Amino acid sequence: MLNLIYDKNTKDVLTFFSVLCLLIILLIIYGFYNSNSICFVIAISIFVNLPFLLIEKGIQIDKFENKQRFYKSIFGLKFNTKKWHLLPNVQYISLYKAKKTRELPTGVNYNYSYFYIYELNLFDENDQHYMLFQINHNYLNHAIFCSKKIALYLNIPVIDATSHEHKWINTH
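Residues numbered from 1 in each chain as written. Predicted model: local features only at pLDDT ≥ 70, side-chain atom pairs only at ≥ 80, totals over all residues. Heavy atoms only, no water.

**Student:** Teacher, can you tell me more about the nonpolar core here?
**Tutor:** Proteins that are soluble and globular tend to have nonpolar side chains buried together. Among the nonpolar cores identified, the biggest contains 25 residues, and Ile61, Ile93, Phe133 and Ile150 are the most heavily contacted of them. Among the elements that line this core, the one with the most residues is helix 3 (residues 140-154), at 7 residues. Core analysis: the second largest hydrophobic core is formed by 7 residues, Leu20, Ile24, Cys39 and Leu50 among them. (Core = buried A, V, L, I, M, F, W, Y, C linked by side-chain atoms within 4.5 Å. Buried < 20%, exposed > 50% of the residue type's maximum accessible area, 1.4 Å probe, protein only. Helix = DSSP H or I, 4+ residues; strand = E, 2+ residues; numbered from the N terminus.)

**Student:** Just to check I follow, could you spell out the packing of aromatic side chains for this structure?
**Tutor:** Applying the stated criterion across every chain yields a total of 3 aromatic pairs. Aromatic pair Phe32 and Phe40: ring centres 5.2 Å apart, planes at 75°, arrangement edge-to-face. For Phe32, a relative accessible area of 63% gives the class exposed. Classification of Phe40 as partly exposed rests on a relative accessible area of 26%. Seen in terms of ring centroids, Tyr92 and Trp168 are 5.8 Å apart; in terms of plane orientation they differ by 75°. Their pairing is edge-to-face. With Tyr92 in strand 6 (residues 90-106) and Trp168 in strand 10 (residues 167-169), this pair connects stretches of sequence that are 76 residues apart. Of the residues examined, Trp168 reaches a relative accessible area of 54% and is grouped as exposed. An aromatic cluster of at least three residues, connected via ring pairs, comprises Tyr92, Phe123 and Trp168. (Phe/Tyr/Trp six-rings, centres within 6.5 Å; stacked < 30°, edge-to-face > 60°.)

Honestly, that's just the spatial picture; any functional story needs more than this.
Below, the structure written as structure tokens:
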């Protein structure tokens, strides 16, 4: 069975986590020094919410029973495991760079902003695609790593469609 974390914590999240930990320590020290109970309340409320910053998303694939499911993990412990879904008869994986639109309402007019993501798609024998998951556009290397890892596990090829020139990726 393949366990793969596709939405990892970035350095920005880990830096923010470290800053919040330092803030908690400073609030506790300040609360002891001035006998201020409000500092303890603030520190505890921040501390209770810290683990939610470290949630990572992953996928489990079982090629022998031809199924997959998504999960969330924190500190390596899996929770919120979704139901198993059948995998199609996968012929190849495509890593695709998609342009998405976000509407920003401003008064009467709508402003549209565009952003890019990487989609990992599975293609079956009828060339029908199934989007497996999406990865932030800043993490192309991680998207390629995930697609290679899944392709190696399922023993299928990967096509890199992140640019105009599509090319097959060597998974070995």
